[in-house]
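Examining the three-dimensional arrangement
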Amino acid sequence: MNKENNSKSVIGGEFLLNEVDISKVFIIEDFNEDQRMMADSCNDFLEKEVIPLAEKIDNKENPDLMPELLTKAGELGLLGLSIGEEYGGMNMSFNTSMLIADIVGITGSFSTAYGAHTGIATLPLKYYGNDDQKEKYLNGLVSGELKGAYCLTEPNSGSDANSGKSRAKLSKDKSKYIINGQKMWISNGGFADLFIVFAKIDNDKNLTAFIIEKGLDGINMNPEEDKLGIKGSSTRQIFFNDVEIPSNNILGNREEGFKIALNVLNIGRIKLGAGVLGGCRGVIDHSINYSKERIQFNLPIASFGAIKYKLSNMIVKTFSCESICYRAGDDIEQKIKEFQVDGKNLNESELSAIELFSVECAICKIYGSEILDYVVDEGVQIYGGMGYSEEAPMARPYRDARISRIYEGTNEINRMLIVGTLLKKSIKNEINLFKKATKVIQDAKLKKIVYSSDNHFKSSYDLVNSLKDCFLHIFGKAALHFNDKIKSEQEVMMNIADVIISIYVLESTLKRCQKIYLNNKNKIMIEISKASIYANISIIKHHSIESVISYMDKNDARKSIDFINSCTEFENFNIKEVNRNIANYFLDKKSYSLFNNFK
Ligand SMILES: Cc1cc2nc3c(=O)[nH]c(=O)nc-3n(C[C@H](O)[C@H](O)[C@H](O)COP(=O)(O)OP(=O)(O)OC[C@H]3O[C@@H](n4cnc5c(N)ncnc54)[C@H](O)[C@@H]3O)c2cc1C
């Protein structure tokens with residue numbers, strides 16, 4: 001039913017309509033030697049300079065420690081991966097910067113400080129700074145001489161970020177802005193030299209972004225927040241009382257602040273998806289090793305099915321998260337290149353490409369943050385009582401993981417954004433969802449997907465195509481029923497978002513499994529793909545049914561449920577054996593590593 005897209009690059013959200021050719025799906029195994037060397041040198045830095053200090057960082061024994069580590073990262077070039085060479089940066093490809101975010105992810109608090117500095121604090125200047133502002137600040141942010149923070153959230157304005165009360169007033173002689181306001185939860189706040197601050201000028205409807213240097217009269221801070229996790233990262237409340245800044249410290253145009261905030265958050269979201277991976281691999285490796293060493297009932301606990309089940313699920317989810325993040329990262333990268341060929345400059349190309357893939361960025365953020373919670377939780381469980389002790393390497397990752405579902409837009413807001421964006425794109429005819437959904441609804445013929453083990457991947461893609469029809473059915477039905485009122489039916493929107501996420505996860509996982517399998521015939525790829533099929537079918541079925549029974553009358557709901565059941569009916573693999581095979585494979589390998597899992 002779904003035709004392949006033969007154009008050069010993929011379009012954001014298009015995965016819901018078309019089957020993409022395997023050659024267009026980038027997988028982690030595709031990284032070249034240069035990129036792997038960059039990953040190695042970043043790993044070296046973390047292993048020598050950051051990881052041994054994890055406890056000290058967490059205890060905040062020395063408040064200078066975090067800024068010193070950022071300075072060292074700057075000396076190695078790690079703060080300027082996405083910045084042009086004219087400002088001392090490395091101008092690396094989008095997916096290379098994803099790879100570095102992935103590796104840094106293992107460091108918890110440092111990862112938050114690094115992400116806040118290189119992402120939400122530096123990128124507004126890169127994309128919206130004028131030449132003077134870039135000259136003045138970007139070099140320092142890249143070298144690490146300057147540290148940055150991003151001040152959007154306020155006590156009464158979190159998810160509803162554009163409702164902030166901070167105000168900017170132009171002085172009578174127009175030479176200065178006077179800023180008043182209170183910002184909350186500001187990462188790097190305690191040591192930042194530069195604050196990107198969002199405030200409304202006079203009675204404007206929308207925010208404007210400003211650059212504020214530290215040390216000015218009127219800037220005050222509360223003490224460091226006492227947090228649940230990432231305890232070593234600086235998080236402050238900052239007060240701006242009649243702070244005077246030069247009027248040319250406005251960033252971008254008046255009332256462009258919300259757009260700036262959202263655009264950098266899109267980048268932050270996909271990087272957060274990648275940023276959980278290092279942490280997941282660390283926890284998996286500890287879990288593998290501990291489960292082989294810990295003896296109970298005269299046997300290593302790794303020999304128990306219950307532990308194998310956990311290890312397998314932790315690994316498959318991490319594998320899937322890698323699959324979606326690097327697929328989406330490369331799709332963005334290819335689009336950037338295409339826009340450049342069409343005549344846009346690099347910054348414009350990057351911003352347009354990221355915006356185009358905002359749905360995929362949100363998917364990576366949600367899926368990554370939720371599998372991280374799963375992985376650390378099962379990691380603690382595998383360690384038993386020791387998992388609850390600060391002596392074992394599980395307590396800190398467990399605490400540090402929880403923030404990821406909250407910042408860079410909560411997962412609820414991101415779920416709403418996925419469906420809202422697709423609705424908007426459909427209304428504007430940028431993507432043909434309504435037309436296809438109408439066809440699927442009218443055609444309502446029940447599906448019958450036949451599985452053939454001789455043609456495992458082909459049958460699996462038949463399944464994915466029918467899952468896409470299932471999505472089109474529930475999406476189209478909800479849009480028809482609620483029309484423009486759908487936004488107040490958040491439960492249904494969340495259901496639809498979960499179906500979308502699972503389709504992207506399953507398809508990306510299958511493509512990666514197939515690509516590796518075609519290369520080396522490693523049978524474990526069949527097992528991983530089966531585990532992913534099993535997990536995602538049940539999520540899709542559950543949320544599809546929940547969405548239709550939330551508003552349809554019994555008769556219509558019955559017809560929809562029959563259709564959903566037919567779309568999600570597939571071969572019953574022996575999932576116990578599948579999970580045992582996956583766990584045994586990695587127990588033998590003793591690790592789930594970045595690059596060498598399937599050789
Ligand atoms: C450790 C840490 C570091 C941070 N770093 C920064 C930083 O550097 N800079 C910065 O500007 N901010 C930062 N933040 C703030 C962070 O981005 C916000 O906490 C987040 O956006 C949520 O806002 P809130 O806390 O006000 O929660 P609220 O918006 O009050 O949300 C509370 C709950 O209600 C839900 N909710 C809210 N609105 C809706 C809606 N319309 N529909 C459905 N559900 C809804 C949310 O999903 C959430 O579950 C940080 C926060 C923390 C904890």
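Residues numbered from 1 in each chain as written. Predicted model: local features only at pLDDT ≥ 70, side-chain atom pairs only at ≥ 80, totals over all residues. Heavy atoms only, no water.

Focus: the site of the ligand
Of all residues adjacent to the ligand, which total 19 residues, the nearest are Thr-153, Ser-159, Trp-185, Thr-410 and Glu-412. Residue Trp-185 places a main-chain N or O atom 2.8 Å away from a nitrogen atom belonging to the ligand. Out of a free accessible area of 980 Å², the ligand has 67% covered by protein chains. Breaking the shell around the ligand down by element, the ones donating at least two residues are strand S1 (148-151), strand S3 (176-187) and helix H14 (411-427). Classifying every residue of the shell around the ligand by side-chain character gives eleven nonpolar, six polar and two charged. (Near = heavy atom within 4 Å. Polar contact = N/O pair within 3.5 Å; in protein donor to acceptor, adjacent residues only side chain to side chain. Areas by Shrake-Rupley, 256 points an atom, 1.4 Å probe, with all protein chains shown as cover. Helix = DSSP H or I, 4+ residues; strand = E, 2+ residues; numbered from the N terminus. Nonpolar A, V, L, I, M, F, W, Y, C, P; charged D, E, K, R; others polar.)

Points about the confidence of the model for the chain
In the predicted model, the chain carries a mean pLDDT of 96, and 98% of its residues have values of at least 70. Low pLDDT, under 50, characterises residues 1-6; the stretch is placed with 19 contacts to residues that sit more than four places away or in other chains. (pLDDT = per-residue confidence, 0-100. Contact = heavy atoms within 4.5 Å.)

Examining a negative patch on the surface
Negative charge collects at one region of the surface, where Glu-33, Asp-34, Asp-40, Asp-44 and Glu-47 lie side by side. Mapped onto the secondary structure, Asp-40 falls in helix H1 (residues 33-50). Classification of Asp-40 by relative accessible area gives partly exposed; the value is 47%. (Patch = residues over 30% accessible without salt bridge, like charges linked within 9 Å, V, L, I, M, F, W, Y side chains within 5 Å. Salt bridge = Lys/Arg side-chain N within 4 Å of Asp/Glu carboxyl O. Lys, Arg positive; Asp, Glu negative; His and termini not counted. Charge placed at Lys NZ, Arg CZ, Asp CG, Glu CD. Buried < 20%, exposed > 50% of the residue type's maximum accessible area, 1.4 Å probe, protein only.)

Quick notes on the environment of Gly-158
You can see Gly-158 is positioned in the loop between S1 and strand S2 (167-170). What makes Gly-158 partly exposed here is its relative accessible area of 42%. For Gly-158 and Gly-148, which are ten residues apart along the polypeptide, the C-alpha to C-alpha distance reads 20 Å.

Let's talk about the pairing of strand S4 (residues 194-201)
Most of S4 is tucked away: eight of the eight residues are buried. When S1 meets S4, the two strands line up parallel, connected through four bridges. Paired with Cys-151 across the bridge in S4 is Val-197. Alignment of S2 against S4, held across two bridges, turns out to be parallel. Among the inter-strand pairings, Ala-168 is bridged to a residue of S4, identified as Ile-201. (Pairing = 2+ DSSP bridges.)

Here we look at the packing of aromatic side chains
Counting across every chain of the model gives 23 aromatic pairs. With centroids separated by 5.6 Å and ring planes inclined at 85 degrees, the aromatic side chains of Phe-319 and Phe-598 adopt a geometry described as edge-to-face. Taken as a pair, Phe-319 in helix H10 (residues 305-341) and Phe-598 in the segment after helix H20 (575-589) lie far apart in primary sequence, 279 residues in all. For the residue pair Phe-319 and Phe-598, the accessibility class agrees, reading buried in each case. An aromatic cluster of at least three residues, connected via ring pairs, comprises Phe-319, Tyr-585, Phe-586, Tyr-592 and Phe-598. (Phe/Tyr/Trp six-rings, centres within 6.5 Å; stacked < 30°, edge-to-face > 60°.)

Structural notes on the side chain of Arg-512
Tracing the chain through its elements places Arg-512 in helix H17 (residues 490-520). In this structure, Arg-512 is in contact with Ile-27, Ile-28, Glu-29, Phe-319, Glu-322, Ser-323, Tyr-592 and Phe-598, ignoring residues within four places of it in sequence.

Describing helix H9 (residues 277-293)
When the terminal C-alpha atoms of H9 are compared, their 24 Å separation across 17 residues agrees well with the 24 Å that a helix rising 1.5 Å per residue should span. The buried fraction of H9 is high, at twelve of 17 residues. Among all positions of H9, only Leu-277, Gly-278, Gly-279, Cys-280, Arg-281, Gly-282, Val-283, Ile-284, Ser-287, Ile-288, Tyr-290 and Ser-291 are buried. (Expected span 1.5 Å × (residues − 1).)

A look at the nonpolar core
Counting residues in hydrophobic clusters, the biggest one holds 179 residues, and the most contacted among them are Phe-110, Phe-471 and Ile-500. In contact with Phe-110, other than residues within four places in its own chain, are Phe-45, Leu-46, Val-50, Met-66, Leu-69, Leu-70, Ala-73 and Val-104. Judged by nonpolar contacts, the second largest core, of 19 residues, contains Ala-149, Ala-199, Val-243 and Ile-245. (Core = buried A, V, L, I, M, F, W, Y, C linked by side-chain atoms within 4.5 Å.)

Section: the packing of H14 against H17
Each pair of packed helices can be summarised by the angle the axes make with each other and by the distance between the axes. Where H14 contacts H17, the two axes come as close as 9 Å, and the packing angle between them is 80 degrees. It follows from the interaxial angle that H14 and H17 lie roughly perpendicular. Between H14 and H17, the contacting residues are Glu-412, Arg-415, Met-416, Ile-418, Val-419, Gly-420 and Leu-422 on the first element and Gln-490, Met-493, Met-494, Ile-496, Ala-497, Asp-498, Ile-500 and Ile-501 on the second. Residues belonging to the contact of H14 with H17 are distributed by class as follows: ten nonpolar, two polar and three charged. (Axes fitted to C-alpha atoms, helices over the stretch in contact; angles between N-to-C directions. Parallel < 35°, antiparallel > 145°, perpendicular 65-115°, else oblique.)

Digging into the packing of helix H8 (residues 257-275) against helix H12 (residues 358-382)
As a packed pair, H8 and H12 sit with axes 7 Å apart at the nearest point and diverge in direction by 40 degrees. By the angle between their directions, the pair H8 and H12 is classed as oblique. The crossing of H8 and H12 is left-handed. Taken together, the residues of H12 that come into contact with H8 (itself represented by Asn-266, Arg-269, Ile-270, Leu-272 and Gly-273) are Ser-358, Cys-361, Cys-364, Lys-365, Gly-368 and Ser-369. Per-class residue counts for the contact of H8 with H12 are four nonpolar, five polar and two charged. (Left-handed = near helix turned anticlockwise from the far one by under 90°.)

Regarding the pairing of S3
With four bridges joining them, S2 and S3 adopt antiparallel strand pairing. From the neighbouring strand, Arg-167 faces S3, where its bridge partner is Asn-180. Hairpin connection of S2 to S3: five residues between the antiparallel strands, including Lys-174 at a positive phi of 65 degrees. Pairing of S3 with strand S7 (residues 235-246), which is carried by nine bridges, proceeds in the antiparallel orientation. Following the sheet pairing, Ser-187 is matched in S7 by Thr-235.

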